[in-house]
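Now for the letters of each chain:
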2 protein chains.
Amino acid sequence: MSVGIRHDDLRRRNRAMVISAVRRAGQPSRTEIAATTGLSHSTISAISSDLIGEGILTESKASETVSLKRGRPQVGLSLNPEAAAVMTVVLSLNFLSVAVIDYAGQVIAEEQRRLDTLTMPRDELIGECLAIVRRRFEDPDLNVHSVARIAMGIQGITDSHSRAMLWSPITPQTDIAFADILEDEFGIPATMENDCNMMAVALRWRDPDRYRDDFIAILLSHGIGMGLVLKGELFTGTHSSGGELGHMIHRPGGALCRCGRRGCVEAYAGNYAIWRNAKQMGEDAEPVADVSDADMRALAALAREVDGPEREAYRKAGEALGFGLGNLFALIDPAPVAMVGVSAAAFDLIEPALREAIAQTAGGQHSKSISFDTEPNELPLIREGCAMRALTFVDQEIFAPGAQAKPGIVGKSVA
Amino acid sequence: MSVGIRHDDLRRRNRAMVISAVRRAGQPSRTEIAATTGLSHSTISAISSDLIGEGILTESKASETVSLKRGRPQVGLSLNPEAAAVMTVVLSLNFLSVAVIDYAGQVIAEEQRRLDTLTMPRDELIGECLAIVRRRFEDPDLNVHSVARIAMGIQGITDSHSRAMLWSPITPQTDIAFADILEDEFGIPATMENDCNMMAVALRWRDPDRYRDDFIAILLSHGIGMGLVLKGELFTGTHSSGGELGHMIHRPGGALCRCGRRGCVEAYAGNYAIWRNAKQMGEDAEPVADVSDADMRALAALAREVDGPEREAYRKAGEALGFGLGNLFALIDPAPVAMVGVSAAAFDLIEPALREAIAQTAGGQHSKSISFDTEPNELPLIREGCAMRALTFVDQEIFAPGAQAKPGIVGKSVA
DNA sequence: AGTATTTTTTCGGGGCTCGAAAAAATGGGG
DNA sequence: CCCCATTTTTTCGAGCCCCGAAAAAATACT
């Protein structure tokens with residue numbers, strides 16, 4: 001209950017809801033929209049008529065498949081792909097990619113590029129990001145004016161308002177306000193999103209049955225990241241993107257973590273930690289800079305074959321993840337988990353110790369019912385998440401604009 | 001964006017907001033309400049006229065103090081104490097209390113009672129709760145029909161819908177649907193709330209400057225509990241009340257906890273754990289049933305005097321709490337903390353080790369800026385929280401009723 | 001071709017909020 | 001003591017928005 005509902009907000013919200021219903025359902029008829037939104041047929045008729053007139057929706061002589069029903073056939077409504085476009089920029093270790101996506105969600109252009117993020121100076125890193133975006137704008141096939149939003153995703157910690165990267169493992173640079181930089185350069189609203197949060201957003205669109213209101217996406221890669229959806233909303237910290245599962249302390253004073261602290265979950269379960277344990281280098285050994293995906297796959301294969309230090313390394317990773325998850329479950333209760341990233345492909349080596357550890361925690365009372373799913377490739381998820389994030393912004397802020405909900409003075413009611 | 005906004009909802013929401021503004025401000029004029037809610041003067045005039053007509057608000061020839069301004073004097077609006085009443089029931093270890101509170105928030109009747117919760121059979125425990133409530137209803141001074149809501153608070157885990165106690169340290173009984181039991185018996189809507197959540201609600205009303213959108217209330221008592229407010233809303237788990245800071249694992253395989261597991265924060269920081277360490281009983285010693293508050297105060301006094309095992313026990317408690325809080329901060333970022341309960345009075349003994357531990361965690365980057373406040377007495381807070389909870393329900397559901405927001409089919413937008 | 005069925009649009013009614021103007025209530029000054 | 005300036009509150013007409021019912025449209029079935 002932040003602030004009074006003005007009369008104009010009403011139409012704005014209902015417009016946004018119709019758009020959202022279409023984006024979700026794909027090609028719903030007006031009647032279907034009325035059913036899912038709870039609004040009357042007349043209202044849906046009026047709003048969709050407006051939206052079609054504005055070029056946001058199109059009538060798509062739908063359901064050619066279904067002609068077996070009597071009565072006037074339904075007219076499917078769909079998003080007009082040309083209504084707008086958005087751009088996604090994903091920056092990860094030594095890798096930068098950009099994509100242009102139409103309003104209906106189809107990729108219409110993309111470019112990928114290798115670069116040495118770890119050693120690049122600040123200006124060069126920013127420059128590369130701007131350059132790759134600029135090249136898209138110079139593409140004669142692309143209608144520049146149609147790009148309505150840029151969503152950038154990065155491995156690392158961002159601020160809770162999606163404006164800046166605060167810290168990232170892919171570069172020694174800190175506090176780069178990418179969102180502002182992109183906005184200043186191109187004059188288009190932009191956001192800076194955390195990679196794991198975007199994974200969660202994408203999973204929700206991909207499989208809304210499994211990933212609905214409460215679930216967890218965990219990135220098992222060089223580091224350990226997490227995206228959390230609780231009560232249907234993306235969870236962020238009070239200042240940062242939050243959800244740093246990888247840096248919860250598993251063993252006080254324990255193994256040396258990449259972050260400089262000791263005993264973090266990541267110091268047992270990150271690729272570098274699994275590598276370090278498999279090579280029996282000791283817990284104080286400086287984390288290696290990067291272990292290739294191929295090396296990790298070879299390690300996993302070896303661990304499956306022989307019961308040696310490699311298998312033990314995965315066991316320790318599972319234990320650390322299990323206690324970390326168990327501590328998380330103590331706070332939020334158990335929820336479905338998606339394991340993403342190269343080590344998710346080795347989840348068979350991780351799972352036994354993980355479940356054993358969870359069973360020793362408060363969240364483990366129903367440990368057998370906690371379900372895990374795996375997805376080895378994180379980059380497509382991150383891009384999809386950024387795309388949906390940007391498109392949803394266009395849906396809500398551009399195509400359903402209105403008196404902005406000012407920060408409430410009354411404040412939400414907590415009692 | 002759960003479901004379409006019907007036209008009738010509009011007035012309902014704005015009514016609720018006016019009531020909320022009055023409850024918050026105490027005696028605001030119509031003009032003030034218009035300012036805080038952002039609604040127009042005409043709308044506020046119409047709504048408050050309705051509310052006065054219905055006996056919910058009263059005009060209170062306000063501000064007799066301020067007659068120095070020119071112009072028509074403001075008329076203060078205040079809650080009509082007789083508009084309704086609510087009842088709070090607080091069940092804690094060996095102690096049961098009930099209070100009747102008028103619509104303006106004043107206590108108009110109360111009763112307290114000692115009882116042996118640990119050994120009582122299920123029916124007797126329920127019976128005592130019903131009996132103490134029934135006696136309030138038989139009070140000839142009380143207008144029975146005015147009681148519109150009962151909020152019961154209990155030490156222990158409740159379900160996320162505030163219907164049942166799932167588990168509690170004060171009784172071996174589990175899964176008692178107190179909310180349903182009270183509703184069935186008295187025909188009045190009831191909820192079953194977690195004690196620490198109610199502490200958080202009360203703190204927010206007591207000191208909204210310090211405890212606004214993000215803060216943590218920690219109960220340091222026989223066990224360790226937590227109430228969490230994030231982004232202005234009470235945080236609960238997906239199934240239970242959640243927030244079990246006390247049962248996050250501090251040291252895998254460590255000290256024996258009351259819950260039967262090993263290494264929980266509580267197994268180092270609960271009263272019984274401090275006692276056990278102070279008496280050098282070993283970490284495997286069975287947790288004692290109850291340590292009196294007087295014993296704990298004596299222990300703290302001794303620890304302040306001599307650098308012996310007592311002081312070390314508090315140090316260990318601080319360390320466990322510090323790592324627990326640090327892990328929490330890794331997820332949500334730092335936030336102001338209120339320490340409540342008998343051991344909050346010994347926070348001077350706990351704080352150094354706590355800060356040292358936090359500094360070793362991801363959340364500890366700004367550990368010096370994390371502020372702690374202490375409040376030794378939890379029971380008044382729990383009762384106040386229950387009262388506000390119940391009153392807010394009356395504000396929103398009874399005095400601003402309307403088409404219930406059905407569970408949305410469309411679902412909230414996460415992207 | 002006519003009828004049944006289903007979807008979509010149209011139309012009138014009722015509510016709600018808003019802005020502007022009027023009314024109400026008080027202090028200050030001549 | 002009266003009148004004006006000032007501030008708060010109410011009144012009133014206009015403009016939107018949503019809803020329900022009925023009409024219109026579009027197709028399958030007979």
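Keep in mind that what you see is a predicted model, and the values were worked out from it rather than measured. Residue positions are given per chain, counting from 1 as you read along its sequence in written order. Chains carry letters and ligands carry numbers; both start at the beginning, A for chains and 1 for ligands, and go up in the order they are written. Local features in this predicted model are restricted to residues whose pLDDT is 70 or higher, and side-chain atom pairs enter the listing and the counts only when it is 80 or higher, whereas totals over whole chains, interfaces and linings include all residues. Side-chain descriptors were evaluated using all non-hydrogen atoms of the structure, hydrogens and water having been removed beforehand.

Undergrad: I'm lost on the interface of chain A and chain B in this one. Help?
TA: Many authors give the size of an interface as the accessible area that is lost as the parts come together. What makes two residues a contact is simply this: any of their non-hydrogen atoms within 4.5 Å. Contacts between the two partners involve 69 residues from chain A, matched on the other side by 69 residues from chain B. Throughout, the accessible surface (probe 1.4 Å) given up by two parts as they are put together, summed over both, is called the buried area. When chain A packs against chain B, close to 6,200 Å² is buried across both sides, 60% of that on carbon and sulfur atoms. Definition used for salt bridges: Asp or Glu carboxyl oxygen within 4 Å of a side-chain nitrogen of Lys or Arg. Counting the contacts that link chain A with chain B gives 0 salt bridges. Two N or O atoms form a polar contact when they lie within 3.5 Å of each other; inside protein one atom must be a possible hydrogen donor and the other a possible acceptor, and for residues adjacent in sequence the pair counts only when both atoms belong to side chains. Connecting chain A to chain B are 20 residue pairs in polar contact (both at pLDDT 80 or more). Segments assigned H or I by DSSP are reported as helices when at least four residues long, segments assigned E as strands when at least two residues long, and all are numbered from the N terminus. Contributing elements (two or more residues each) for the side of chain A that touches chain B: helix H1 (7-25), helix H2 (30-37), helix H6 (195-206), strand E11 (224-230), strand E12 (233-234), helix H10 (309-332) and helix H12 (378-398) of chain A. The greatest single-element share of the side of chain A that touches chain B, amounting to 8 residues, is contributed by H1(A). Residues belonging to the side of chain A that touches chain B are distributed by class as follows: 31 nonpolar, 25 polar and 13 charged. Each residue gets one label: Ala, Val, Leu, Ile, Met, Phe, Trp, Tyr, Cys and Pro are nonpolar, Asp, Glu, Lys and Arg are charged, and the others, such as Gly, are polar.

Undergrad: It is not clear to me how the protein's contact with DNA strand D should be interpreted in this structure. Could you clarify?
TA: Whether a residue is near a molecule or strand depends on its heavy atoms: if one lies within 4 Å, it is near. Of all residues adjacent to DNA strand D, which total 29 residues, the nearest are A:Thr43, B:Thr31, B:Ser45, B:Gly71 and B:Val75. Measuring from a sugar or linking oxygen of DNA strand D, one finds a side-chain N or O atom of A:Arg70 at 2.8 Å. Looking at the surface near DNA strand D residue by residue, the classes come out as 5 nonpolar, 15 polar and 9 charged.

Undergrad: Explain the pairing of strand E10 (residues 215-220) of chain B to me, please; I cannot follow it from the model alone.
TA: All names here are of chain B. Of all 6 residues in E10, 6 are buried, a share of seventy percent or more. Two elements, E10 and strand E11 (residues 224-230), share 6 bridges in a ladder whose sense is antiparallel. Residue pairing across strands places Ala217 opposite Gly227, the latter belonging to E11. Two strands qualify as a pair provided that DSSP identifies no fewer than 2 bridges between them. Connecting the antiparallel pair E10 and E11 is a turn made up of 3 residues. In terms of strand pairing, E10 meets strand E13 (residues 337-340) through 4 bridges, oriented parallel. Bridging across to E13, Ile216 finds its partner in Val337. Three exposure classes are used, based on accessible area relative to the maximum for each residue type with a 1.4 Å probe and protein chains only: buried under 20%, partly exposed in between, and exposed over 50%.

Undergrad: Can you help me understand the pattern of salt bridges in this one?
TA: Oppositely charged side chains are able to pair whenever their charged atoms sit close together. Per the counting criterion, the structure on display carries 51 salt bridges over all chains. A salt bridge links B:Arg136 to B:Glu111, with the nearest nitrogen and oxygen atoms 3.2 Å apart. Note that B:Arg136 is positioned in helix H4 (residues 122-137) and B:Glu111 in strand E5 (residues 107-114), a separation of 25 residues in sequence. Pair check on accessibility: B:Arg136 and B:Glu111 agree, each one buried. Note that B:Asp209 and B:Arg212 form a salt bridge whose closest N and O atoms lie 3.7 Å from each other. Take B:Arg212: its relative accessible area is 44%, and that puts it in the partly exposed class. Within this structure, A:Glu111, A:Arg135, A:Arg136 and A:Asp139 form a network of salt bridges that share partners.

Undergrad: Help me out: how do you make sense of the domain arrangement of chain A in this one?
TA: Residue and element names in this part refer to chain A. Taken as a whole, chain A is organised into domain 1 (7-79), domain 2 (84-199 + 380-398) and domain 3 (244-370). Computed from C-alpha coordinates alone, the two centres of domain 2 and domain 3 are separated by 30 Å. In this complex, domain 2 contributes 5 residues to the contact, which on the side of domain 3 involves 4 residues. Summed over both sides, the interface between domain 2 and domain 3 buries roughly 440 Å², with carbon and sulfur atoms accounting for 71% of that surface. Remark: the boundary between domain 2 and domain 3 carries 0 salt bridges. Run the count over domain 2 and domain 3 and you get 0 residue pairs in polar contact (both at pLDDT 80 or more). Residue ranges for the domains trace back to a domain assignment, done automatically or taken from a database.

Undergrad: So what exactly am I meant to see when it comes to the sheet that holds strand E12 (residues 233-234) of chain B here?
TA: Each strand in a sheet pairs with its neighbour through backbone hydrogen bonds, running either in the same direction (parallel) or in the opposite one (antiparallel). Residues and elements named next belong to chain B. Within the open sheet, the 5 strands sit side by side as E12-E11-E10-E13-E14. Their pairing is mixed. In the strand order of this sheet, the two ends are held by E12 and strand E14 (372-375), each with one partner. To get an axis, fit a line to the C-alpha atoms, keeping to the stretch in contact for a helix; angles then go from 0 to 180 degrees between the N-to-C directions. Along the sheet face, helix H11 (residues 347-359) touches E10, E13 and E14 and points at about 150° away from the line of E14.

Undergrad: I tried to follow unusual backbone geometry on my own but got confused; where do I start?
TA: Residues and elements named next belong to chain A. In this structure, Gln280 is a non-glycine residue whose phi angle is positive, near 50°. Within the element layout of this structure, Gln280 appears in the loop between helix H8 (271-278) and helix H9 (293-305). When its relative accessible area of 62% is taken as the criterion, Gln280 is described as exposed.

Undergrad: When you look at the relation of the copies chain A and chain B in this model, what are you seeing that I'm missing?
TA: The pair of chain copies shares a relation made of a rotation about an axis and a shift along it. The atoms used to superpose the copies are C-alpha atoms, taken from residues with pLDDT of at least 70 in both, and the fit is least squares. When chain A is fitted to chain B, the residual RMSD is 0.1 Å, and the transformation amounts to a turn of 180° plus an axial shift of 0.0 Å. In short, the pair behaves as if placed about a two-fold rotation axis. Within chain A, the C-alpha atom positioned nearest to the axis of rotation is that of A:Arg251, 3.2 Å from it. Both copies share a contact surface, since 100% of the interface residues of chain A are interface residues in chain B too.

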